[in-house]
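Chain and residue survey
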Amino acid sequence: MNTVKIPQGDSKVTIELTVKELMALAGIRFHGNHRLEIEARRKLNHVLSETYELEQPIPYQMLN
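Below, the structure is looked at part by part. (Residues numbered from 1 in each chain as written. Predicted model: local features only at pLDDT ≥ 70, side-chain atom pairs only at ≥ 80, totals over all residues. Heavy atoms only, no water.)

1. A word on the overall build of the protein
Condition: Numbered from the N terminus, helices here are DSSP runs of H or I no shorter than four residues, and strands are runs of E no shorter than two. Each residue is placed in one exposure class: buried if its accessible area under a 1.4 Å probe, protein chains only, is under 20% of its type's maximum, exposed if it is over 50%, and partly exposed if it falls in between. Two residues form a contact once any of their heavy atoms are found within 4.5 Å.
When its secondary structure is counted, the protein shows two helices and zero strands. Taken over 64 residues, the protein has a buried fraction of 11%. Here the analysis covers contacts within the protein between residues at least 6 apart in sequence; of these, 44% occur between residues at least 24 apart.

In structure tokens, the structure reads:
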């Protein structure tokens, strides 16, 4: 079992998403508009890169 240690992992960040972007990240599919999920993930990755200087991206599967 792998353990990911994230420094200051309990710190809070603020990300501005539209309701549709939030729904897309929650797993709701908007057929014909996959761009919503792409834009929402881009916003998440941008905030992560501003918060931490990561050598490699954190695999989302490990964050559950």
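2. Some details on the pattern of salt bridges
When their charged atoms lie close together, side chains carrying opposite charge are able to pair. Selection criterion: Salt bridges, as used here, are contacts in which a Lys or Arg side-chain nitrogen is within 4 Å of a carboxyl oxygen on Asp or Glu.
Going through the model one piece at a time under the given rule, you end up with five salt bridges. The salt bridge involving Glu39 is made with Arg42; its shortest N-O contact spans 2.6 Å. Taken together, the positions of Glu39 and Arg42, both in helix α2 (residues 35-51) and three residues apart, correspond to about one turn of that helix. Sharing partners across several salt bridges, the network here consists of Arg29, Glu37 and Arg41.

3. Digging into α2
The test is simple: Expected helix span is given by 1.5 Å per residue-to-residue step, counting one fewer step than there are residues. Arc, as used here, means the arc of the directions from the helix axis to the C-beta atoms.
Look at α2: 24 Å from first C-alpha to last across 17 residues, which is about the 24 Å you get at 1.5 Å a residue. Residues of α2 that are buried include every one of Leu36, Glu37, Ala40 and Val47, and no others. Taken around the axis of α2, the buried residues stretch over an arc of 100 degrees, which confines them to a single face. In this structure, the buried side of α2 is in contact with α1 (19-25).

4. Observations concerning a nonpolar patch on the surface
Which entries qualify depends on this criterion: Patches were defined on residues exceeding 30% relative accessible area and lacking a salt bridge, with like-charge contacts within 9 Å and nonpolar side-chain contacts (Val, Leu, Ile, Met, Phe, Trp, Tyr) within 5 Å. Computed with the Shrake-Rupley method and a 1.4 Å probe, the accessible areas treat only the protein chains shown as cover for residues.
Where nonpolar side chains cluster on the molecular surface, the patch consists of Val19, Met23 and Ile28 and spans about 250 Å² of accessible area. Following the sequence through the fold, Met23 ends up in helix α1. You can call Met23 partly exposed: its relative accessible area is 30%.

5. So, the side chain of Glu21
Along the polypeptide, Glu21 turns up in helix α1. Beyond its immediate stretch of four places on either side in the chain, Glu21 contacts Glu16, Leu36, Glu39, Ala40 and Lys43.

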